[in-house]
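Structural overview for review
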Amino acid sequence: MSKISLDTSKLFAAELAGEIHGRPAHESYGITPETEAQTAAAVDRMRETIEQKVQAGEYGFITELDAADEVVSQVQAVYDRLSFAKTMVVVGIGGSDLGARTIQQAVQPDQPPMEVLFHGDSTDPEQIRRLHQRIDLAKTVFVIISKSGETVETISQYLYWKEVYCGQFENWAAHFVFVTDAQKGILRKEAERFGVATLAIPDSVGGRFSVLTSVGLLPAMAMGVDVAALLSGAREFAADPATRALSYDFAASQFQLASQGIFLTVLMPYATRLEEFARWFRQLWAESLGKDGTGILPIQSRGPADQHSQGQFYMQGRPSQSVLFIRVEEPIEDFVLPQTDIPELSYLSGHTFQEICLAEQSATAQALAEVGRPSATLTLDRLDEQTLGALFLFFELAVVATAELLEVNAFDQPGVEHGKQIMYRLLGK
Ligand code: PA5
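Residues numbered from 1 in each chain as written. Predicted model: local features only at pLDDT ≥ 70, side-chain atom pairs only at ≥ 80, totals over all residues. Heavy atoms only, no water.

**Some words on the packing of aromatic side chains**
Aromatic rings considered in pairs are described by the distance between their centres and by the relative angle of their planes. Rules: Think of it this way: a Phe, Tyr or Trp ring, Trp meaning its six-membered ring, pairs with another when their centres are within 6.5 Å, and the plane angle makes it stacked under 30 degrees, edge-to-face over 60, tilted otherwise. By definition here, charges over rings are those cases where NZ of Lys or CZ of Arg is within 6 Å of the ring centre and within 35 degrees of the ring normal.
This structure, assessed with the given rule, holds 27 aromatic pairs. The rings of Phe142, Tyr158, Tyr160, Trp161, Tyr165, Phe169, Trp172, Phe176, Phe178 and Phe194 are connected pair by pair, giving a single aromatic cluster. One Lys or Arg, Lys429, reaches over the ring of Tyr424 and ends 4.0 Å from the middle of that ring.

Put into structure tokens, the structure is as follows:
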């Protein structure tokens, strides 16, 4: 079983001030005792409400995990039909895209059975041109992922590649798989008309919560990822009241900081394999919370790279954000720095790259604390399929808990829809 722990101590004013840091409490931006007192009732209510909803099976992203074995068999059956393919092109956007990208970067093995490319998040013609040059059509399958079945970035690419295939292959439909609503939508009708293989996205799971449905699992299988471990990590997290409480603790701290005017949150993993994860988080946080004139704006970051860019702002800029670091204790493999005869660099000798990486994370958290800036740290013992599954659940549960505190609906995105309607008019729909 994977281990996840959350240290929120450096979010609190008392920890950021005082003798160690030589800074008076009133100069700290951490959560104050007054804020804790003012928000206590709302936080208690949130913990109770979310727990009740979890117990009552109201969250599809949790309840659907119970049907995971069946979903894996369905995904396997579709995947088995794709033995002709060397390349899988995944065409989806937003929640139909970011989760599988995250899985690929985090846990894809070194020798994946298929090359999985992502192609849905832009209609930039340059992207189409490059894909033409890169793929062998005969050995490629296009996985078109859209719950609504009509998102323009996705469906326009389906129309285009369908035409390309129709012109060259009698059995063109075999080069497509649709992941879409079980009953309705354009893709569903197309599948019935032309016999395209399909996988269903459950009704109860919204796009940005769908990574552990067939949306993420089909690409994951093509990457050679252990999907059973991914799902069991998520299930174990969701089944354990102690790990669920971590999500509520994080949600409570986000709300308390927002009550003090801190409406930005930075996710800063110190692991290159989690860079896409921070993008997935960014969408989950922004689309679920940013509405009704409130929300907490997520910022995607990565250590140590962004110590040398945004880090300056976090330390001394307008105090408007908190940081959540992610640190991974055990690397897949580590490398020791050699002895050196350069006296100025002798301090590095014998250290490993992982030691440097973790020291950088600790130093950044400590430096922020010393200038009164709040941060928390999520620690994973290792990064594998199990921990990744748990990590998805940590944030999905945290976002619905934060939404509860901010009194917004985590599951809609009316702002996005508004823009879509205007674009449809511009294109003559
Ligand atoms: O979270 C969401 O619901 C959105 O980000 C959707 O995933 C995104 O808009 C794509 O929608 P669809 O899957 O219907 O094409």
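**Notes on the pairing of strand E7 (residues 264-269)**
Short version of the rule: The classification of residues rests on relative accessible area computed with a 1.4 Å probe and restricted to protein chains. Under 20% of the type maximum is buried, over 50% is exposed, and intermediate values are partly exposed. Counting from the N terminus, the helices are DSSP H or I runs at least four residues long and the strands are E runs at least two residues long. When DSSP finds at least two bridges between two strands, those strands are taken to pair. Whether a crossover is right-handed comes down to one check: with the strands pointing away from the viewer, does the path from the first strand over the helix to the second run clockwise; if it does, it is right-handed.
Counting buried positions over the six residues of E7 gives five, a clear majority of the element. Of the strand pairs in this sheet, E7 and strand E8 (residues 297-300) are connected by four bridges, and their pairing is parallel. In the strand pairing of E8, Leu264 is matched with Leu297. Considered for its hand, the β-α-β crossover made up of E7, helix H12 (residues 275-289) and E8 is right-handed. In the sheet, E7 pairs with strand E9 (residues 321-330) via six bridges, with the strands oriented parallel. Looking at the pairing, Val266 lines up with Val323 of E9.

**Regarding the side chain of Ser232**
Going by this rule: Each polar contact in these results corresponds to two N or O atoms within 3.5 Å; when the atoms are within protein, one needs to be able to donate a hydrogen and the other to accept it, and residues that are neighboring in sequence are counted only if both atoms are side-chain atoms.
When you line up the elements, Ser232 lands in helix H10 (residues 227-239). Take Ser232: its relative accessible area is 19%, and that puts it in the buried class. Here Gln386 takes part through its side chain, which lies 2.6 Å from a polar atom of the side chain of Ser232.

**Details of the side chain of Asp306**
Applicable threshold: A residue counts as positive if it is Lys or Arg and as negative if it is Asp or Glu; His and the chain ends are not included. Take a side-chain nitrogen of Lys or Arg and a carboxyl oxygen of Asp or Glu: if they are within 4 Å of each other, that pair is a salt bridge. In this description, contact between two residues means that some pair of their heavy atoms is separated by no more than 4.5 Å.
Here Asp306 shows up in the loop between E8 and helix H13 (311-316). No salt bridge is formed by the buried Asp306; the nearest opposite charge belongs to Arg302, separated by 6.2 Å. Reaching out from Asp306, the side chain makes a polar contact with the side chain of Ser309 at a distance of 3.1 Å. When residues no more than four places from it in sequence are discounted, the contact partners of Asp306 are Met268, Ser301 and Gly311.

**Topic: helix H7 (residues 152-166)**
Along an α-helix, residues three or four positions apart point the same way, because every turn accommodates 3.6 residues. Using the following cut-off: One less than the number of residues in a helix, times 1.5 Å, gives the span that helix is expected to have.
Helix length check: H7, at 15 residues, gives a terminal C-alpha distance of 21 Å against a target of 21 Å (1.5 Å per residue), a fit within 8%. All of the buried residues along H7 are Thr154, Ile155, Gln157, Tyr158, Trp161, Lys162, Val164 and Tyr165. Where H7 is buried, its residues contact strand E2 (87-91), helix H6 (125-134), strand E4 (140-146), strand E5 (176-181) and helix H8 (186-194).

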